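Overview (structure and organization)
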Amino acid sequence: MTRRPKAALAMSPRAAEAVLDGRAMAALDKVCDLAPGPVLDDFTDPRARAVLAGTEVLVTGWGCPLLDEDALAAAPRLRAVVHTAGSVRGHLAPACWERGIAVSSAAAANAVPVAEYTVAMILLTGKRVLERARDYKAGRRRADMLHTPRAVGNHERTVGILSASLVGRRVIDLLRPHDLRILLHDPYVTDAEAAALGAEPVALDELFARSDTVSVHTPLLPSTRHLVDRELIGSMRPDAVLINTARGAVVDQDALADAARAGRVRAVLDVTDPEVLPADHPLWDCDDVLITPHLAGSQGNEWTRLAEHAAAELARWASGAGFAHPVHREHLERIA
């Protein structure tokens, strides 16, 4: 018989209200004994300390306070953390792994809508839908279909995937039914692994030089800040598209703005550095740059997937099976 561990919710009240609806709470109630009362959003609070003292599992989310040595000292029975969002970097200190606490993340679940957004943008930009719709609305009549430039369309376009992250792999998978050539650059993926994914492994400079669209899925690390630099952007094919759903600082935005203003490249940016860009940033004024407000990740009804993922992980752990989506300490240096 599966035991029911004592659990507590640690996140901002707004995150709990958004992600953990009645259906989600019912799913959690089936597999654990949740501490009553408000969610924990300050581990120094006396009530939080009292709850932590008996907690075996923390169900965390956006706005969770840092679980550091001090907070861990107040939670001597804590054995696992189940995160209802993607990255755990912001709220779990290395001390969690040092103490042997098992960690799970819903990054795989959150990757689904990000990949869907990315694929949609790859196909829309290949067809130049956004620009052509803008021109049509402005009163310019549709040009003769038979005079459409040969560069427009998605047949046999080359898409470059920068990093085989959870999102990057999902994008490759979703692109498989389409008539596209897929290139991949990821120093942690062997040629055989890339071929198994359905992509051609290439060097970083080759990825940018050969692709009609480059989609960035690299986590932001010290080594990847401005990885997409002026030289790489300058090597892109005329009218190529850069899509970034990873982190804004992976791309040199000044270099991108210069290339976009010159009409050399197009871009779709769901992330920027900073968020939000200053009102006078030149990227706002580039007709061939679409900037969306970090909406690719889970929102609205997609939060249900995150909550269901967390409940399933908690159930597995309580049964003794362990997490299906663990976060290992040795992987922290190269994940988001």
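Every chain is numbered on its own, with residues counted from 1 as its sequence reads. Whole-chain, interface and lining totals are the exception, using all residues; otherwise, since this is a predicted model, local features are given only for residues with pLDDT of at least 70 and side-chain atom pairs are given and counted only at 80 or more. Values shown for side chains rest on all heavy atoms present in the structure; no hydrogens or waters enter the calculation.

Going by the annotation in an unreviewed UniProt entry, the name recorded for the protein chain is Hydroxyacid dehydrogenase, with Nocardiopsis endophytica given as the source organism.

Some points on the overall build of the protein chain
What the protein chain contains, in helices and strands, is 13 helices and twelve strands. Note that the radius of gyration is over C-alpha atoms, with the globule rule given as 2.2 Å times the number of residues to the power 0.38. Against the globule reference of 20 Å for 336 residues, the protein chain gives a C-alpha radius of gyration of 22 Å, in line with a compact fold. Taking the principal axes of its C-alpha atoms as reference, the protein chain extends roughly 70 × 45 × 35 Å. Only protein chains enter the accessibility calculation, which uses a 1.4 Å probe; a residue whose area is less than 20% of its type maximum is buried, one above 50% is exposed, and one in between is partly exposed. Of all 336 residues assigned to the protein chain, the portion counted as buried reaches 49%. In DSSP terms, a helix is any run of H or I states spanning at least four residues, a strand is any run of E spanning at least two, and both are numbered starting from the N terminus.

Section: the nonpolar core
A general feature of soluble globular proteins is that nonpolar side chains tend to end up buried together. Throughout, nonpolar core names a set of buried Ala, Val, Leu, Ile, Met, Phe, Trp, Tyr and Cys residues whose side chains join them through atoms within 4.5 Å. Phe-208, Val-228, Leu-242, Leu-256, Leu-283 and Val-289 are the most contacted members of the largest nonpolar core, which has 30 residues in total. Counting residues per element, the ones that place at least two in this core are helix 10 (204–210), strand 9 (213–216), helix 11 (230–234), strand 10 (240–244), helix 12 (253–261), strand 11 (265–269) and strand 12 (289–291). Ranked by the residues each element gives to this core, the list is headed by helix 12, at five residues. When checking whether two residues touch, look at their non-hydrogen atoms; a contact exists if any pair is within 4.5 Å. In this structure, Leu-256 is in contact with Ile-233, Leu-242, Val-251, Val-265, Ala-267, Leu-269 and Leu-283, ignoring residues within four places of it in sequence. The next biggest cluster of nonpolar side chains, apart from the first, holds 26 residues, and it includes Val-19, Leu-20, Ala-307 and Leu-314.

Considerations on the sheet that holds strand 12
In sheet architecture, strand pairing relies on hydrogen bonds along the backbone and comes in two forms, parallel and antiparallel. Two strands qualify as a pair provided DSSP detects at least 2 bridges between them. Strand order in the open sheet made by the seven strands is 8-7-6-9-10-11-12, with parallel pairing throughout. Strands at the two margins of the open sheet, each flanked by one partner only, are strand 8 (200–201) and strand 12.

Quick notes on the environment of Val-159
Relative to the assigned elements, Val-159 resides in strand 6 (residues 157–162). The exposure class assigned to Val-159 is buried, which follows from its relative accessible area of 1%. As a C-alpha pair, Val-159 and Leu-207 span 48 residues in sequence and 8.7 Å in three-dimensional space. Contact partners of Val-159, with chain neighbours within four places excluded, come to Ile-122, Leu-175, Leu-180, Arg-181, Ile-182, Leu-183, Ser-211 and Thr-213.

Focus on the side chain of Asp-270
With respect to the helices and strands, the residue Asp-270 is situated in the loop between strand 11 and strand 12. The charge count treats Lys and Arg as positive and Asp and Glu as negative. His and the chain ends do not count. By salt bridge we mean one thing: a side-chain nitrogen of Lys or Arg within 4 Å of a carboxyl oxygen of Asp or Glu. Here Asp-270 is buried and forms no salt bridge, its nearest opposite-charge partner Arg-247 lying at an N-O distance of 8.1 Å. In terms of polar contacts, Asp-270 uses its side chain to reach the backbone amide nitrogen of Leu-295, at 2.8 Å. If we ignore the near neighbours within four places in the chain, the residues touching Asp-270 are Tyr-117, Asn-244, Thr-245, Glu-275, Thr-292, Pro-293, His-294, Leu-295 and Ala-296. Distance and chemistry together define a polar contact, namely a pair of N or O atoms within 3.5 Å, with one atom able to donate a hydrogen and the other to accept it when in protein, and with adjacent residues in sequence counting only for side-chain atoms on both sides.

Quick word on unusual backbone geometry
Cis peptide bonds are those with omega within 30 degrees of zero, and the linkage from Asp-273 to Pro-274 qualifies with 5 degrees. Within the secondary structure, Pro-274 is located in the loop between strand 11 and strand 12. That bond from Glu-275 to Val-276 is cis: its omega, 10 degrees, falls within 30 degrees of zero. Take Val-276: it is sitting in the loop between strand 11 and strand 12. Its identity as a non-glycine residue notwithstanding, Ser-163 has a phi of 95 degrees, on the positive side. Along the chain, the position of Ser-163 falls in the loop between strand 6 and helix 8 (166–175). The exposure class of Ser-163 is buried, given its relative accessible area of 9%. If you check the backbone angles, His-294 has positive phi at about 50 degrees while not being a glycine. A relative accessible area of 35% places His-294 in the partly exposed class.

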